[in-house]
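Each chain, written out:
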Amino acid sequence: MSHAFLVELGTEELPPIALKSLSKAFTQSILAGLKTAKISFTSHTPFAAPRRLALLIEGLPVSTPLETITAWGPPTRVAFKDGAPTKAAEAFAKKNGLDVNHLPTGMDGKEEKLMHTSQNGGEPTAELMPALVEKALASLPISKRMRWGASRTEFVRPVQWLAMLWDDAVIPASILGLSSGNTSRGHRFHANRELTLTHAAHYANILREGYVMASFDERKALIAEQAKAEGEKLGGVAVIDADLLDEVTALNEWPVALAGSFDTDFLQIPAEALISSMAEHQKYFHVVDSTGQLMPNFITVANIESKDPAQVIAGNEKVIRPRLADAVFFFETDKKASQTSRREKLRTVTFQGKLGSVFDKTERIAGLATFIAEQLGFDATLAQRAGELSKADLVSNMVYEFTDLQGIAGEYYAVNDGEPTEIAKAMSEQYLPKFAGDALPSTNTGALIALADRIDTIAGIFGLGQIPTGSKDPFGLRRASIAVLRILVEKGYALDLKALLEKAVSQYNAAIDGGLPKGDAAVGLALEYMLERFKAWYGEAGIPAEVFQAVNAKGLSVPLDIDNRVKAVDAFRQLAEAPALAEANKRVANILAKNGAQAGDVKAALLEQVQEQTLAAEVASLTAEVAPLFAKADYTTALQTLARLQKPVDAFFTDVMVMTEDEAVRNNRLALLQQLSSLFSKVADISCLVVK
């Protein structure tokens, strides 16, 4: 017979941004404990609401599984001497609590030994659950715990009640200063009373009777559905940001979506400012029309089913009005000053203690962006100007109030100042891509500023010797590196990353007394770190690690070229001829490493056997055939062409002895192998495809 277990911890309102992660960690810890105890179950359902964390586990056995454990002792020939137990037998008996005069024996498959068979497990599952719950609560990812009253108990918020049931019975326990019971609590306003939990499996339905929708996912789906419906009633579309939806879900136990409006006069300022104000301060979803333009409406989610929803809406409209008025004031005030004048204020804003001010950073961004523009044939004047203005909006009133508008505000202010469209666009595009899968800058100038900004930061931090680790990356260099690679590859910029890092380091050295402390090593370390990000990139694309390793072994530093080669090698590895050629390349590499590469032409007169003559002819023919392919970096076609070498290479190694006693013939064969190796190595080290 299977059983159901329920635990619910009631608290004061939990932090909405953390609720989802707290629930996940709580659930995973308890399930991990069950796995360790080898306890099976059929299903689990997590619950998370503003005032509770809960978990229902069904299909549990009444007890932990029984296991038969056999402990083997010394061989009987050692355990007994002339029929009497030896010290070895006495030690075994004492260890296992046995009578030394009645020691059982058995065959372990080789010989007869002392043995002791015991059974482990069989503990009541219900009795194990309090310890698992206590451990889960203690290990929750809580950055700062709090105390309340005179208690020394600590948790993220004050705890109020604890329910713990095994089917319909209470599991007695004391956790966080609370004694377990079978009661929960309903909605603060709709059902402010205790709710008796009659059975663990009935938890969700009983709480629903108390106007609490305990399932996070159920509330989330309902809020999205309601918001969508309210948007349609307005003739528009509710824009539901995923993070905001999670936060709103964590704020409500009984969600009811309501639509409100604000004065159309507010639409004169940037829509992003209005959206940020509504989302950040009031947790409202905004609404757009069929063309994507912001409508003077919002959707709020109330934690109450009001008998007079118009009053709730009016209250929200009253609250949002001064927020939007503030945004108008900030925007209009900012427009009175130019980006150029604001930039001067950056001299007093520190970028990094040892790397100067943000003003200094804009100087370096401008210099590096200009350097890149000249290499690609883009407008260097635009790059210079965009770099100089890139951070000016950081000291604006709008960004001070709404930090998520950095760049966006800069674009509006650049337009207001009459800057060229591409420079204005670069103000916002410099922060793209912001996350995995995000869009790239649409303009070349925006892309150059995005590159220069990130490369400058990476070079500076590495130049200080502050290399990020797996768990510590305060400047977000991992994310910045991936962004740089994406821009270079997806925008088709054939730029040498090493040269860009060298330029960035040289700018620091020219501006800082004594230069960067670790400047000499910064370029190499930063380059290696950045290119290493390709591994995860290709892994997500299903390209094996050995493919990237084959290309990386070439020591290249142009990401676009590296990407081209990786795709070519990945296509090559899927050919039927690839495994044999990879093995052959590995064998050739080993031979040449031991005996030294033989440069120069292969002498036809020294080719004694048909197999080496055939291979030499094929290598010469293919060398000429793939030369134009290599010239235009068509590595995919080149490797597919070289796949024709598989049969002559196999025949060569089957019938020809490379290390013959005749030195001239031996060196000629080594020269042939050197030519063979050089053909493939023009793309990558194919031998890396051999997986041990």
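Residues numbered from 1 in each chain as written. Predicted model: local features only at pLDDT ≥ 70, side-chain atom pairs only at ≥ 80, totals over all residues. Heavy atoms only, no water.

1. Some words on the overall build of the chain
When helices and strands are tallied, the chain shows 26 helices and 20 strands. Taken over the C-alpha trace, the chain has a radius of gyration of 35 Å; the compact-globule value for 692 residues is 26 Å, which it surpasses by more than 25%. Looking at the 692 residues of the chain, the share that counts as buried comes to 47%. The contacts of the chain with a sequence gap of at least 6 include a subset with a gap of at least 24, amounting to 69%. (Helix = DSSP H or I, 4+ residues; strand = E, 2+ residues; numbered from the N terminus. Rg over C-alpha atoms; globule rule 2.2 N^0.38 Å. Buried < 20%, exposed > 50% of the residue type's maximum accessible area, 1.4 Å probe, protein only. Contact = heavy atoms within 4.5 Å.)

2. Re empty space enclosed by the protein
Applying the stated criterion across every chain, the model contains one cavity of 30 Å³ or more. Forming the walls of the largest cavity are Pro-270, Ala-273, Phe-331, Met-398, Leu-405, Ile-408, Ala-409, Tyr-412 and Tyr-413. Looking at the lining of the largest cavity, the element that brings in the most residues is helix α14 (residues 408-416), giving four residues. (1 Å grid on protein atoms, 1.4 Å probe; cavity = no way out; pocket = protein on both sides within 12 Å on 5 of 7 lines; lining within 4 Å. Points joined across faces, edges and corners; volume = space filled by probe spheres on them.)

3. As for the packing of aromatic side chains
Within this structure, the stated rule accounts for 16 aromatic pairs. Ring plane angle 25° and centroid distance 5.8 Å describe the contact between Phe-331 and Tyr-413, whose orientation is recorded as stacked. Of this pair, Phe-331 sits in helix α9 (residues 309-334) while Tyr-413 sits in helix α14; the two residues are 82 residues apart in sequence, bridging distant segments of the chain. With a centroid separation of 5.7 Å and 65° between ring planes, the pair formed by Phe-378 and Tyr-493 is classed as edge-to-face. (Phe/Tyr/Trp six-rings, centres within 6.5 Å; stacked < 30°, edge-to-face > 60°.)

4. Concerning the sheet that holds strand β8 (residues 112-120)
Spatially, the three strands line up as an open sheet ordered β4-β8-β7, and their pairing is antiparallel. Both outer strands of the open sheet, β4 (67-75) and β7 (105-107), are each paired with one neighbouring strand and no more. With direction set aside, neighbouring strand axes in the sheet form an average angle of 50°. Strand direction decides the pairing type here: β4 and β8, joined by seven bridges, are antiparallel. Along β8, the bridge assignment pairs Ile-69 with Ser-118. (Pairing = 2+ DSSP bridges. Axes fitted to C-alpha atoms, helices over the stretch in contact; angles between N-to-C directions.)

5. Brief notes about the environment of Gly-460
Tracing the backbone shows Gly-460 in helix α16 (residues 444-463). C-alpha of Gly-460 to C-alpha of Lys-354: the two residues are 106 residues apart in sequence and 9.1 Å apart in space. Residues in contact with Gly-460, not counting those within four places in the same chain, are Leu-355, Tyr-508 and Leu-516.

6. Details of helix α18 (residues 497-511)
In this model, α18 (15 residues) spans 22 Å end to end at C-alpha, consistent with the 21 Å of a helix rising 1.5 Å per residue. Those residues of α18 lying buried are Leu-497, Leu-500, Leu-501, Ala-504, Val-505, Gln-507 and Tyr-508. The buried residues of α18 occupy an angular sector of 155° when the element is viewed end-on, so they sit on one face. On its buried face, α18 sits against β19 (350-352), α11 (358-376), α16, α17 (477-490), α19 (519-540) and α21 (559-573). For α18, the capping residue at the N-terminal end is Asp-496, with a side-chain oxygen 2.9 Å from the backbone nitrogen of Lys-498. (Expected span 1.5 Å × (residues − 1). Arc of directions from axis to C-beta. Polar contact = N/O pair within 3.5 Å; in protein donor to acceptor, adjacent residues only side chain to side chain.)

7. Topic: the packing of α14 against helix α15 (residues 421-429)
The N-to-C vectors of α14 and α15 enclose an angle of 165°; their axes lie 7 Å apart at closest approach. When the axis of α14 is compared with that of α15, the two are roughly antiparallel. The two elements α14 and α15 cross, and the hand of that crossing is right-handed. Contact residues: Ile-408, Gly-410, Glu-411, Ala-414 and Val-415 in α14; Ala-424, Lys-425, Met-427 and Ser-428 in α15. (Parallel < 35°, antiparallel > 145°, perpendicular 65-115°, else oblique. Left-handed = near helix turned anticlockwise from the far one by under 90°.)

Honestly, it's all geometry; don't read function into it.
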